[in-house]
Amino acid sequence: MLLTAIECSRQNIEFAAVHDSYWTHAATVDEMNGILRDKFVELHENALLENVKCGLEEMHPKLKGLLPDPPEMGTLDLEQVKKSTFFFH
(Lines give C-alpha, C1' and ligand atoms only; values in the text may rest on other atoms or scores of the structure.)
Protein backbone atom coordinates (compact mmCIF):
# COMPACT_ATOMS: atom_id res chain seq x y z
CA MET A 1 0.00 0.00 0.00
CA LEU A 2 2.75 2.44 0.89
CA LEU A 3 4.47 2.02 -2.48
CA THR A 4 1.15 2.67 -4.21
CA ALA A 5 0.44 5.72 -2.07
CA ILE A 6 3.89 7.18 -2.75
CA GLU A 7 3.57 6.68 -6.51
CA CYS A 8 0.07 8.16 -6.55
CA SER A 9 1.43 11.19 -4.74
CA ARG A 10 4.24 11.51 -7.29
CA GLN A 11 1.66 11.48 -10.07
CA ASN A 12 -0.69 13.90 -8.25
CA ILE A 13 -3.38 11.24 -7.90
CA GLU A 14 -5.58 11.52 -4.81
CA PHE A 15 -5.25 8.36 -2.72
CA ALA A 16 -6.90 7.12 0.46
CA ALA A 17 -6.96 3.68 2.06
CA VAL A 18 -8.26 1.70 4.99
CA HIS A 19 -6.89 -1.82 5.41
CA ASP A 20 -7.17 -3.32 1.92
CA SER A 21 -9.63 -0.79 0.48
CA TYR A 22 -8.12 1.89 -1.74
CA TRP A 23 -9.87 4.99 -3.08
CA THR A 24 -9.26 7.66 -5.61
CA HIS A 25 -11.42 9.93 -7.79
CA ALA A 26 -13.36 8.19 -10.53
CA ALA A 27 -11.27 9.96 -13.16
CA THR A 28 -8.04 8.37 -11.89
CA VAL A 29 -9.19 4.82 -11.06
CA ASP A 30 -7.49 3.33 -14.12
CA GLU A 31 -4.22 5.09 -13.33
CA MET A 32 -4.30 3.93 -9.70
CA ASN A 33 -5.13 0.40 -10.84
CA GLY A 34 -2.01 0.35 -13.04
CA ILE A 35 0.14 1.77 -10.26
CA LEU A 36 -1.18 -0.81 -7.79
CA ARG A 37 -0.34 -3.69 -10.11
CA ASP A 38 3.11 -2.30 -10.95
CA LYS A 39 3.97 -1.82 -7.27
CA PHE A 40 2.71 -5.31 -6.37
CA VAL A 41 5.02 -6.80 -8.99
CA GLU A 42 7.92 -4.58 -7.90
CA LEU A 43 7.47 -5.60 -4.27
CA HIS A 44 7.12 -9.33 -4.88
CA GLU A 45 10.02 -9.63 -7.33
CA ASN A 46 12.27 -9.37 -4.28
CA ALA A 47 13.05 -12.13 -1.79
CA LEU A 48 11.02 -10.51 0.99
CA LEU A 49 11.31 -13.28 3.57
CA GLU A 50 15.04 -13.65 2.98
CA ASN A 51 15.44 -9.90 3.46
CA VAL A 52 13.45 -10.01 6.71
CA LYS A 53 15.53 -12.92 7.99
CA CYS A 54 18.82 -11.21 7.14
CA GLY A 55 17.65 -7.96 8.69
CA LEU A 56 16.60 -9.67 11.90
CA GLU A 57 19.89 -11.54 12.14
CA GLU A 58 21.79 -8.31 11.54
CA MET A 59 19.83 -6.44 14.21
CA HIS A 60 19.86 -9.37 16.64
CA PRO A 61 23.05 -11.42 16.12
CA LYS A 62 21.91 -14.01 18.70
CA LEU A 63 19.27 -15.12 16.20
CA LYS A 64 21.86 -16.11 13.59
CA GLY A 65 21.41 -19.79 12.83
CA LEU A 66 18.16 -20.03 14.80
CA LEU A 67 15.72 -18.78 12.18
CA PRO A 68 14.58 -21.23 9.51
CA ASP A 69 15.42 -20.56 5.90
CA PRO A 70 12.49 -19.09 3.99
CA PRO A 71 10.80 -21.28 1.39
CA GLU A 72 12.06 -21.21 -2.18
CA MET A 73 10.53 -18.63 -4.49
CA GLY A 74 7.60 -20.00 -6.46
CA THR A 75 7.09 -19.98 -10.20
CA LEU A 76 4.29 -17.43 -10.47
CA ASP A 77 4.82 -15.15 -13.43
CA LEU A 78 4.28 -11.84 -11.67
CA GLU A 79 3.82 -10.03 -14.97
CA GLN A 80 0.51 -11.91 -15.30
CA VAL A 81 -0.76 -9.86 -12.36
CA LYS A 82 -0.79 -6.84 -14.64
CA LYS A 83 -3.20 -8.65 -17.00
CA SER A 84 -5.43 -10.26 -14.38
CA THR A 85 -9.06 -9.18 -14.45
CA PHE A 86 -9.63 -9.99 -10.80
CA PHE A 87 -6.32 -8.93 -9.26
CA PHE A 88 -7.90 -6.00 -7.43
CA HIS A 89 -11.33 -4.39 -7.41
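Just so it is clear, the structure is predicted and the values come from calculations on it, not from any experiment.

## Regarding the pattern of salt bridges
Then, number 1: Counted according to the given criterion, the structure contains seven salt bridges.
Then, number 2: The salt bridge partner of Glu 57 is Lys 53, with a shortest N-O separation of 4.0 Å. With Glu 57 and Lys 53 both in helix α3 (residues 48-59) and four residues apart, this pair spans about one turn of that helix. An identical accessibility class is assigned to Glu 57 and Lys 53; each is buried.

## A closer look at the packing of aromatic side chains
Then, number 1: With the rule as written, the count across this model stands at two aromatic pairs.
Then, number 2: Centre to centre, the rings of Phe 15 and Tyr 22 are 5.3 Å apart; their planes meet at 70°, and the pair counts as edge-to-face.
Then, number 3: For the pair Phe 40 and Phe 87, a centre-to-centre distance of 4.9 Å together with 70° between the ring planes defines the contact as edge-to-face. On the criterion of sequence distance, the pair formed by Phe 40 in helix α2 (residues 29-44) and Phe 87 in the segment after α3 is long-range, its members being 47 residues apart.
Then, number 4: In this structure Phe 87 comes out as partly exposed when scored by relative accessible area, which is 23%.

## With respect to α2
Because each turn of an α-helix spans 3.6 residues, side chains separated by three or four positions end up pointing in the same direction.
Then, number 1: The first and last C-alpha atoms of α2 sit 22 Å apart over 16 residues, in line with the 22 Å expected at 1.5 Å per residue.
Then, number 2: What α2 keeps buried is the set Met 32, Ile 35, Leu 36, Arg 37, Lys 39 and Val 41.

## Points about the packing of helix α1 (residues 2-10) against α2
Then, number 1: Taken N-terminus to C-terminus, the directions of α1 and α2 make an angle of 135°; their axes are 9 Å apart at the nearest point. One finds that α1 runs oblique with respect to α2. With respect to the hand of their crossing, α1 and α2 are arranged in right-handed fashion. Residues Leu 3, Thr 4, Glu 7 and Cys 8 of α1 form the contact with α2, whose participating residues are Met 32, Ile 35, Leu 36, Lys 39, Glu 42 and Leu 43.
Then, number 2: For the contact of α1 with α2, a count of residues per class yields six nonpolar, one polar and three charged.

## Quick look at the environment of Glu 72
Then, number 1: Positionally, Glu 72 belongs in the segment after α3.
Then, number 2: Given a relative accessible area of 75%, Glu 72 falls into the exposed group.
Then, number 3: Sequence separation between Glu 72 and Ala 5 is 67 residues; the distance between their C-alpha atoms is 29 Å.

The rules behind these values
- Residues numbered from 1 in each chain as written.
- Predicted model: local features only at pLDDT ≥ 70, side-chain atom pairs only at ≥ 80, totals over all residues.
- Heavy atoms only, no water.
- Salt bridge = Lys/Arg side-chain N within 4 Å of Asp/Glu carboxyl O.
- Helix = DSSP H or I, 4+ residues; strand = E, 2+ residues; numbered from the N terminus.
- Buried < 20%, exposed > 50% of the residue type's maximum accessible area, 1.4 Å probe, protein only.
- Phe/Tyr/Trp six-rings, centres within 6.5 Å; stacked < 30°, edge-to-face > 60°.
- Expected span 1.5 Å × (residues − 1).
- Axes fitted to C-alpha atoms, helices over the stretch in contact; angles between N-to-C directions.
- Parallel < 35°, antiparallel > 145°, perpendicular 65-115°, else oblique.
- Left-handed = near helix turned anticlockwise from the far one by under 90°.
- Contact = heavy atoms within 4.5 Å.
- Nonpolar A, V, L, I, M, F, W, Y, C, P; charged D, E, K, R; others polar.

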